[in-house]
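Inside the fold
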Amino acid sequence: MGQALQRAAQWTSAKGGSGGKLEFTKLNEELLNTIIQWIEGFGAKYPEEAKLSFKSPLTWPSSLRADMLSGAGYTERGEEVVSEAQNDKGDHPLLVLKKSGAQEYMISIMNLEYAEAVLRMASEKKLSEVRSCLEANRDPVVNMLGERFATVEGDDNSIFRFIEEITKEIETLAKQSVNAENEGNTEKQAEIEMKKTQLKLRLQLLRLDQQLLNQSIISITKDVRLTPVSVDGEVSILKDLSGEDDDKCVLDSIEYFGDGYVFKNGCRAQPWRQLHGDICYLVVKPHDGDTMYITANTSGYYLNNGLDPMKAGDLKYTKVGDSYKDLVTLLKDKSPRFGELIDKQEFALKVRDRDHDHVIDHGGETRSYTEEDDFTHRTDTKRQEKKDKDQKEDKQKQNATKKKKLSPSLKWKALGMEEYNEDEKKDKEKRILRKKRTPTQLKSKTPMGAEDSFSESSTESEEEEESIERRSETNADLPSEYWQIQKLVKYLKGGNQTATIIALCSMRDFNLAQETCQLAIRDVGGLEVLINLLDTEEIKCKIGSLKILKEISRNTQIRRAIADLGGLQTMVKILRDLDKDLKCLAAETIANVAKFRRARRTVRQHGGIKKLVGLLDCPNVQGTLTPDMEKDVEVARCGALALWSCSKSKKNKEAMRKAGAIPLLAKLLKSTHENMLIPVVGTLQECASEPSYRLAIRTEGMIEDLVKNLNSSNQELQMHCASAIFKCAEEKETRDLVRQYGGLDPLVALLANNSNKELLAAATGAIWKCSISAENVKRFQELKAIDLLVALLNDQPEEVLVNVVGALGELAKDPPNRAQIRKAGGISPLVNLLTGTNQALLVNVTKAVGQCAEEQDNMAIIDKLDGVRLLWSLLKNHNPEVQASAAWAICPCIENAKDAGEMVRSFVGGLELIVSLLKSENKEVLASVCAAIANIAKDEENLAVITDHGVVPMLARLTNTTDDKLRRHLAEAIARCCNWGNNRVAFGREKAVAPLVRYLKSSDEMVHRSTARALFQLSKDPENCITMHEAGAVQPLMKMVGSVDEDLQEAAAGCIGNIRRLALANEKARYS
């Protein structure tokens, strides 16, 4: 019963902290009725199992009342009604009805006999009782028989283990029974009999489960559920047929109800109505009746109650009448005029439906297109093609730009591709565009999984493919190999097994890496033949076909064509083959094809990830290998290569992890073979973007192997290892391991490879992340990494510069390194990079410049190079990260500039700009701007200017924040701004004082210090003192007077002193 509830029953989404509810659908009703029938007849058929006590009671909200249980067998116990009979242990009644509210009851039962009794008492409400029971007990088998029989995904071996346990107990009892006087055998025998009864009940439940699943399958196959796409298709067709002319137009109008917003899933109904299956609502005005309001639900179309007079712009969603499978049937039933008009419509379809159900118009005669017609049509076409083949062969060679398009194979048709006639070649691109714009969803024989796998495709990739195809078609001078390959493909199509193998071998003699040869195979229909050969039983044909596919699948157009023809599905099946050569070739071809998103999804959806992970299980990867072991290693290498391509998808990474890829990759990482290590490390560095993989790489001991391979002579392997460390070094534990295993030295050594930019980017990235740890910074100082990094600030690609500047920013946190950057000549190129446009680079550059500005000598150079103005201009950047890092960098510049006040005033509109950033919604931007304002306000003239720009009310609006970082700098800014005019009074008027008092409850000492300073400045106004006292500021300030922080002591004491002086003045005034 558990599997049926999980897989077959239809549940609403869980919300409000509670589980989902069973939907009110026909399928659920059928399942519930089957369960009721099973329970009602169970006691008569299986009395022993019906009386078996459950492990824990089934409890649910019931519609039964206490008066329904009066009579023999039941007794009242306070607000409860309980059965006199109890469970086997004698500690729980078999039925308990307990009052839970005014008119609400909870019922508990302990066996199926009482479940049958509850249904008898429920009478007409038995369906709702079973529904409530299942909703409250999502896995009732656990309550009935215990946790060991809980419903699980995959194979469930619990019943076999239980049988084995009973068998062992019977054998043990038989041995013990040799001694007839052995006491305790009776109890043991009773326990075994109870377990046998449990086993019988479990088997009955499994039989019920199977019955429910079969019933749901039959019901689902009959019930075609509506989708947003199908609804849009029907509505768009009817819109085209609607209008005011009641002789030609089938409807007056048909429109969607609502504001027209379409959610990502295609639905137009509100989210809370989507939980009930609603897709959208239609307003239909027929020619012969009133306006109809129709609900399009996943279960079908039906009328609702129309507009709600109590709620403007809303509907009464209650269902009226029956549901209909399609909109036309509903409208025919409700509008006779619509039925007459729709039957008169003439439809002339030029595209034959994929499952041959469309009606085709032949010169005005309309007839059904049957399978027999399809066979005749294809036979006539082939005969005509054969007749014209010789006449057109010479013309084809003279006009090479015209491609011959043979009729598609059955695989092409199965994938839902359009047929193309030779007469339509010139209109190819137009038909593709028209097909994309078709509003209706044509039927397809493709399984749902496969259809989903072709549903997404990146626009960029499609544009790239089309541009490549157009370029190849304009190439009029085709070499002789093009025609020779086409002849070989003809032999592949028509030859016997020997001729096929010879043709495959001959084809491999050509340079298949050449694009002309690749496209020649595609243009003549060779791809269909090669993929069809993979379904044969002849291994030689499979191997030959895969070797060719492996070579030509490096072409972008070819790999997409292979995916369209269903080649990936066939190759995934081959991964289970016993022949190791076949598995290697299939995995390598998958590696080439899975370079785009749709192909990677196809591999996952057809179980390819699990099979590829299985290829990684290699018994031995080290030492001397026998020929058989070498073949196992090659299989593992090809599997890793395919997983590398597939791992660019986040879902595929998760599927790999669940399939157990991590320990297998860790094992392969210890291999001494570089050709094995490259795909393994490539896969790891691709997966290291996920936190779960980073944790596994660290805990499985892979960091040591990655560091060891940094010393390899293979630059590609070095690059992937450095890239993996770059991604994994986000965690401190990983950074420490890299240092402990001696990984910092080879990383610095890699900086000398100035020609290999990919390796340089990976190495600098690893150094950047490793330099976050202070211990690693010391080692980088010893290795003189700063000089090497500064040398890379010029004439490097942006991906290298981002990492170099990031590393310098981390290293500059240590004061000696700031001077070293200046001595190495790094200040000038850093300031020059402030004029760039790369957002990641700007974030890192501003951080690095800000760290360097902490030293006055560096600040002098930055000021001379106009670096502060460049930083200020970055405050206008639209990226919040750039704005925040620029504001943080401005703070040390103001602190260490010689004439900071004058420098700031020299920036036209600069002060107004920084005050306006207080309107930002990004907390990091707000914190950094508050820090900058705190520094700007040290100059009295600048403080007067920002006050005029409205800094006080803007700061006051931010005081209700709970972010400690923002609190700290906000309080500091308020403290500084209090030193001008009536700003103290203004802060009080803007109600900023009471929220500041709450900051004293923070656990951050830095927040306490800045808050105490702000309160001290604000307490110089009497009204603010009163507000502080009322907000309870005195007690926490008293505790802070005893702090070891002298600044905090002084500010807290000063604030308390001001409050006390005001109190004394009031006392004095009262008694004078």
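Residues numbered from 1 in each chain as written. Predicted model: local features only at pLDDT ≥ 70, side-chain atom pairs only at ≥ 80, totals over all residues. Heavy atoms only, no water.

**Some remarks on the overall build of the chain**
Here is the rule we go by: Runs of H or I in DSSP of at least four residues are treated as helices and runs of E of at least two as strands, each being numbered from the N terminus. Here, two residues are considered to be in contact whenever any of their heavy atoms come within 4.5 Å of each other. Computed with a 1.4 Å probe, the accessible areas rest on the Shrake-Rupley method; for each residue, only the protein chains presented here act as cover.
Assigned secondary structure in the chain consists of 59 helices and 12 strands. A fraction of 67% describes how many contacts in the chain between residues 6 or more apart in sequence connect residues 24 or more apart. A total accessible area of about 54100 Å² is found for the chain, and carbon and sulfur atoms account for 50% of it.

**Points about the packing of aromatic side chains**
The line we're drawing: Only Phe, Tyr and Trp rings are paired, with Trp represented by its six-membered ring, and only when their centres lie within 6.5 Å; those with planes under 30 degrees apart are stacked, over 60 edge-to-face, the remainder tilted. Partly exposed describes any residue whose relative accessible area lies between the buried limit of under 20% and the exposed limit of over 50%, with all areas from a 1.4 Å probe on protein chains only and scaled to the type maximum. Only when the NZ of Lys or the CZ of Arg is both within 6 Å of the ring centre and within 35 degrees of the ring normal is a charge said to sit over the ring.
Inspection of every chain in the model, using the stated rule, returns 9 aromatic pairs. Residues Trp38 and Phe42 carry aromatic rings whose centres are separated by 4.7 Å and whose planes lie at 40 degrees to one another, so their mutual orientation is tilted. Among the residues examined, Trp38 registers a relative accessible area of 15% and is labelled buried. Exposure remark for Phe42: the relative accessible area of 2% places this residue in the buried category. Their ring planes at 50 degrees and their centres at 5.3 Å tell us that Tyr281 and Tyr317 sit as a pair that is tilted. With Tyr281 in strand 7 (residues 278-285) and Tyr317 in the loop between strand 9 (300-304) and strand 10 (319-324), the pair connects residues that are 36 residues apart, well separated along the chain. We classify Tyr281 as buried; its relative accessible area is 3%. One aromatic cluster is present, built from ring pairs that chain together Trp38, Phe42 and Tyr46. Cation over ring: Lys769 sits above Trp768, and NZ or CZ is 4.1 Å from the ring centre.

**Thoughts on the side chain of Thr295**
Our working rule: For this analysis, a polar contact is any N or O atom pair within 3.5 Å, provided that within protein one partner can donate a hydrogen and the other can accept it, and provided that sequence-adjacent residues contribute only side-chain to side-chain pairs.
As for its position among the elements, Thr295 is in strand 8 (residues 292-297). Judged by its relative accessible area of 0%, Thr295 is buried. Separated by 2.8 Å, the side chains of Thr295 and Asn304 make a polar contact. Contact partners of Thr295, with chain neighbours within four places excluded, come to Asp278, Cys280, Tyr281, Gly300, Tyr301, Tyr302 and Asn304.

**Concerning the sheet that holds strand 1 (residues 58-62)**
So the rule is basically this: If DSSP finds at least two bridges between two strands, the strands pair. Helix axes are fitted only over the stretch in contact, all axes being lines through C-alpha atoms; the angle between N-to-C directions runs from 0 to 180 degrees.
Strands sit in the order 1-5-4-3-2 across an open sheet of 5 strands; the sheet is antiparallel. If you trace the sheet from one side to the other, it starts and ends with strand 1 and strand 2 (74-77), each paired once. Pairs of neighbouring strands in the sheet enclose a mean axial angle of 20 degrees, with direction left out of account. By the bridge criterion, 4 bridges tie strand 2 to strand 3 (residues 80-83) in an arrangement that is antiparallel. Bridge assignment links Thr75 to a residue of strand 3, and that residue is Val82. Against the sheet, helix 5 (residues 112-122) makes contact with strand 1, strand 2, strand 3, strand 4 (95-99) and strand 5 (105-109), and its axis sits at roughly 145 degrees relative to strand 5, the strand it touches most.

**Points about the environment of Leu668**
Within the element layout of this structure, Leu668 appears in helix 31 (residues 661-668). By relative accessible area, which is 0% here, Leu668 ends up buried.

**Focus: unusual backbone geometry**
A positive phi is found at Ser123, a non-glycine position, where the angle reads about 55 degrees. Examined against the element boundaries, Ser123 turns out to sit in the loop between helix 5 and helix 6 (126-136). On the accessibility criterion, Ser123 (42% relative accessible area) is partly exposed. Unusually for a residue other than glycine, Lys784 sits at a positive phi of about 55 degrees. With respect to the element layout, Lys784 can be found in the loop between helix 39 (774-782) and helix 40 (785-791).

**A few points about the pairing of strand 7**
When you tally the buried positions in strand 7, you get 7 out of 8 residues, the bulk of the element. For strand 6 (residues 253-256) and strand 7, the ladder comprises 4 bridges, and the chain directions are antiparallel. Along strand 7, the bridge assignment pairs Tyr256 with Leu282. Counting the residues between successive antiparallel strands, the hairpin from strand 7 to strand 8 contains 6 residues.

**With respect to the sheet that holds strand 8**
Across the sheet, which stays open at both edges, the 5 strands sit in the order 6-7-8-9-10 with antiparallel pairing between neighbours. Since the sheet does not close on itself, it has two edges, and those belong to strand 6 and strand 10, each with one partner. Taking each pair of neighbouring strands and ignoring which way they run, the sheet shows an average axis angle of 25 degrees. Across 3 bridges, strand 9 lies against strand 10 in antiparallel orientation. Residue Asn304 lies in a different strand from strand 10, and its bridge partner there is Lys319.

**With respect to the packing of helix 26 (residues 580-593) against helix 29 (residues 627-646)**
Which entries qualify depends on this criterion: Convention used here: angles under 35 degrees read as roughly parallel, angles over 145 as roughly antiparallel, angles from 65 to 115 as roughly perpendicular, and any remaining angle as oblique. The handedness criterion is simple: a crossing whose near helix is rotated anticlockwise from the far helix by less than a right angle is left-handed, and one whose near helix is rotated clockwise is right-handed. Amino acids are sorted into nonpolar (Ala, Val, Leu, Ile, Met, Phe, Trp, Tyr, Cys and Pro), charged (Asp, Glu, Lys and Arg) and polar (every other residue, Gly among them).
Remark: helix 26 packs on helix 29, axes separated minimally by 8 Å, with the N-to-C direction vectors making an angle of 20 degrees. Of the possible angle classes, the one that applies to helix 26 and helix 29 is roughly parallel. Along this stretch, helix 26 crosses helix 29, giving a crossing that reads as left-handed. Note on element contacts: helix 29 touches helix 26 through Asp628, Lys631, Asp632, Glu634, Val635, Arg637, Cys638, Gly639, Leu641, Ala642 and Ser645, opposite Lys580, Asp581, Cys584, Ala587, Glu588, Ile590 and Ala591. Tallied by class, residues from the contact of helix 26 with helix 29 come to 8 nonpolar, 2 polar and 8 charged.

**A few points about the nonpolar core**
Within soluble globular proteins, side chains that are nonpolar tend to cluster in buried spots. Condition: Within this scheme, the nonpolar core is defined by two criteria: the residues are buried Ala, Val, Leu, Ile, Met, Phe, Trp, Tyr or Cys, and they are joined through side-chain atoms within 4.5 Å.
Core analysis: the largest hydrophobic core is formed by 224 residues, its most contacted members being Trp872, Ile946 and Leu955. Ranked by residue count, the leading element in this core is helix 50 (residues 923-936), at 10 residues. Not counting chain neighbours up to four residues away, the residues in contact with Ile946 comprise Leu911, Val915, Ile933, Ile936, Ala937, Val951 and Cys977. Within the second largest apolar cluster, 50 residues are counted, among which are Phe54, Val81, Met110 and Cys133.

**Quick notes on the environment of Ile279**
Topologically, Ile279 is positioned in strand 7. With 22 residues separating them along the chain, Ile279 and Tyr301 place their C-alpha atoms 9.9 Å apart. Excluding its chain neighbours within four sequence positions, the residues that come into contact with Ile279 are Leu226, Thr227, Pro228, Val231, Cys267, Arg268, Ala269, Ala296, Asn297 and Thr298.

**Description of a negative patch on the surface**
Cut-off, in case you're wondering: Every patch collects residues that have over 30% relative accessible area and no salt bridge, joining them within 9 Å if they carry like charges and within 5 Å if they are nonpolar side chains (Val, Leu, Ile, Met, Phe, Trp, Tyr). Whenever a carboxyl oxygen of Asp or Glu lies within 4 Å of a side-chain nitrogen of Lys or Arg, that contact is scored as a salt bridge. A residue counts as positive if it is Lys or Arg and as negative if it is Asp or Glu; His and the chain ends are not included. One atom stands in for each charge, and that atom is NZ of Lys, CZ of Arg, CG of Asp or CD of Glu.
Taken together, the side chains of Glu244, Asp245, Asp246 and Asp252 present a region of like negative charge at the surface. With respect to the helices, strands and loops of the structure, Asp245 is situated in the loop between helix 10 (228-240) and strand 6.

**Side note on the environment of Glu528**
Looking at the element boundaries, Glu528 is found in helix 22 (residues 526-533). Residue Glu528 is classed as buried on the basis of its relative accessible area, which comes to 13%. Separated by 37 residues in the primary sequence, Glu528 and Leu565 place their C-alpha atoms 7.0 Å from one another.

**What to know about the pattern of salt bridges**
In total, this model carries 44 salt bridges according to the counting rule given. Its salt-bridge partner being Glu255, residue Lys239 comes within 3.8 Å of it at the nearest N-O pair. Note that Lys239 is positioned in helix 10 and Glu255 in strand 6, a separation of 16 residues in sequence. Residue Glu255 is classed as partly exposed on the basis of its relative accessible area of 43%. The structure contains a network of salt bridges with shared partners spanning Arg148, Glu165, Glu169, Glu191 and Lys195.

**Regarding the confidence of the model for the chain**
This is how the line gets drawn: pLDDT gives the predictor's per-residue confidence on a scale running from 0 to 100.
The share of residues in the chain with pLDDT of 70 or more is 84%, and the mean pLDDT across the chain is 81. Note on residues 347-387: pLDDT under 50 across the span, and 45 contacts to partners over four residues away in sequence or across chains. A low-confidence stretch, residues 397-476 (pLDDT under 50), is modelled with 117 contacts involving residues beyond four sequence positions or located in other chains.

**Overview of the state of the cysteines**
This is how the line gets drawn: Here, two cysteine sulfur atoms that lie within 2.5 Å of each other are counted as a disulfide.
In this structure the tally under the stated criterion is 0 disulfides. No disulfide involves Cys280; its nearest neighbouring cysteine sulfur is the one of Cys267, lying 8.0 Å away. Residue classification places Cys280 among the buried positions, given a relative accessible area of 1%.

**Comments concerning the side chain of Asn896**
Within the secondary structure layout, Asn896 lies in helix 47 (residues 880-896). Polar contacts involving the side chain of Asn896 include one to the main-chain carbonyl oxygen of Pro892, which spans 2.9 Å. Setting aside residues no more than four positions away along its own chain, Asn896 makes contact with Ala853, Glu854, Gln856 and Met859.

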